[in-house]
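Structure at a glance
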Amino acid sequence: MNSAEVIKIENPRGGDDTRSWGPPFAKNVDPSDHAQESAYFLGVNRNKKSITVNIRSAEGRQLLHDLVKKVDVLVENYVPGKLDEMGLGYEELKALNPRLIYASITGYGHTGPYRTRPGYDVMIEAEAGLMYITGEEDGTPVKVGVAVTDLTTGLNAHGAIMAAILARYRTGRGQHIDCALLDSQIVMLANIGSSYLIAGQEAKRMGTSHPSIVPYQVLPSKDSHIMIGAGNDGQFKILCSVLGLDSLCENPAYKTNKDRVRHRKELIGILTERLKTKNNEEWLKALEGRGIPFAPINNIAQTYAHPQVIARDMIQEIEHPKAGKIKLTGPAVKYSDTKTSIRFPPPLLGQHTDEILKDVLGYDEQRIQELKEKKAV
């Protein structure tokens, strides 16, 4: 399996905004070089090449037209209509390369009354229900700890691109992919959304609790907290055995999951009282190997030190041209026949401009110099 060559098109004036999203920043090997890269940018740009193009110039747009004739996929995240105004919309580029797969990632999509609104993860979290259901029951709405709507939309776009490539094998044609943060977040409401659509049940914030399963939440121990999930009646019996509360299993109020959901408050109170009699480590050892889902609440340092994270090679080192050796998160998927890897580090701004213009587009030195003089690259 060959790896894709990913070319990141950046503005010559500063490039991707996330390059400056910090602190924290990676320290440069040369202390006199104060132009540092943010940890944010480094975390999401490995295995990419960077070229700078001024798409507002005629020369820059022509360069992109030439590049489009060579590529399989274009991914863009402009407000709908903006690239059309510059001659870089799907219809214009499809005429140059009918096999082009043109993926647009926007806040609200290319149709509907909100299509021209810019979209940001946290705004969509708020507007599309996620923030309303996130947080403690008696607290205010809160955002998720990472930009989960952005991430999910990216995964949806990835899957859509792969499907479009397969479709192209049959049809010989590319197509436009319209991928919106709003749509992704609506789908992410999952069972919460279905409960409303099917039963008209409005959701509420429940902290770490599950609306349809009890117990399934973070519970306090004597010195910390532990996540425990008894997803069925058998697992609830095991939990009761570990906690020394076997009589609960025969209590009509807690015998089935439906009963436990109905008597949630009372049951959680009993479990909490028992768990608070021992330290977290004692309960973790008692639960190990008993066939019930449980987990400690790890901070980030504990997460990266986790033996399974290390065994899965989820932390990898690579040499960066300015920062030296840096640690990055490893690929999330493993293949039986192909070893996934970080082939090269996140790029410096415009690091590969000359390379792409020469090797991909076949521009000679004179033409490249002219583009630089006209500030098109």
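Relevant structure appears above.
Every value quoted in this text rests on a predicted model; they were computed, and no experiment measured them.

Here's the deal with the overall build of the protein chain
Helices and strands together make up the secondary structure of the protein chain, namely 16 helices and 10 strands. Considering only C-alpha atoms, the protein chain reaches an extent of 85 × 50 × 40 Å along its principal axes. Per-residue burial over the protein chain gives 37% buried out of 377 residues. Pairs at least 24 apart in sequence give 64% of the contacts found in the protein chain among residues at least 6 apart. Carbon and sulfur atoms make up 53% of the accessible area of the protein chain, which totals about 22,100 Å². Here the protein chain contributes 47 positively and 46 negatively charged side chains, and the mean placements of these two sets differ by 3 Å.

Let's talk about the packing of aromatic side chains
Throughout the structure, instances matching the rule amount to three aromatic pairs. Taking 4.9 Å as the distance between ring centres and 80° as the angle between the ring planes, the aromatic pair formed by Trp21 and Tyr40 counts as edge-to-face. Of this pair, Trp21 sits in the loop between strand 1 (6-10) and helix 1 (39-43) while Tyr40 sits in helix 1, placing them 19 residues apart in sequence. Judged by its relative accessible area of 42%, Tyr40 is partly exposed. Here the aromatic rings of Tyr108 and Tyr114 are separated by 5.6 Å at their centres, their planes lie at 70°, and the arrangement is edge-to-face. Across from the ring centre of Phe236, 4.3 Å away, lies the NZ or CZ of Arg260, which sits over that ring. Its end group placed over the ring of Trp283, Lys278 keeps NZ or CZ at 5.0 Å from the ring centre.

A closer look at the layout of surface pockets
Here the second largest pocket defines a volume of roughly 1,100 Å³. Met206, Gly207, Thr208, Ser209 and His210 are the residues nearest the centre of the second largest pocket, which is lined by 30 residues in total. Elements with a contribution of two residues or more to the lining of the second largest pocket: helix 8 (190-199) and helix 11 (264-275). For the lining of the second largest pocket, the per-class residue count stands at 12 nonpolar, 11 polar and seven charged.

Quick notes on a nonpolar patch on the surface
Side chains of Trp21, Tyr40 and Val44 sit close together on the surface and give an oily, nonpolar patch of about 320 Å² of accessible area. The partly exposed category is assigned to Trp21, whose relative accessible area is 45%.

Procedures and definitions
Residues numbered from 1 in each chain as written. Predicted model: local features only at pLDDT ≥ 70, side-chain atom pairs only at ≥ 80, totals over all residues. Heavy atoms only, no water. Helix = DSSP H or I, 4+ residues; strand = E, 2+ residues; numbered from the N terminus. Buried < 20%, exposed > 50% of the residue type's maximum accessible area, 1.4 Å probe, protein only. Contact = heavy atoms within 4.5 Å. Areas by Shrake-Rupley, 256 points an atom, 1.4 Å probe, with all protein chains shown as cover. Lys, Arg positive; Asp, Glu negative; His and termini not counted. Charge placed at Lys NZ, Arg CZ, Asp CG, Glu CD. Phe/Tyr/Trp six-rings, centres within 6.5 Å; stacked < 30°, edge-to-face > 60°. Lys NZ or Arg CZ within 6 Å of the ring centre and 35° of its normal. 1 Å grid on protein atoms, 1.4 Å probe; cavity = no way out; pocket = protein on both sides within 12 Å on 5 of 7 lines; lining within 4 Å. Points joined across faces, edges and corners; volume = space filled by probe spheres on them. Nonpolar A, V, L, I, M, F, W, Y, C, P; charged D, E, K, R; others polar. Patch = residues over 30% accessible without salt bridge, like charges linked within 9 Å, V, L, I, M, F, W, Y side chains within 5 Å. Salt bridge = Lys/Arg side-chain N within 4 Å of Asp/Glu carboxyl O.

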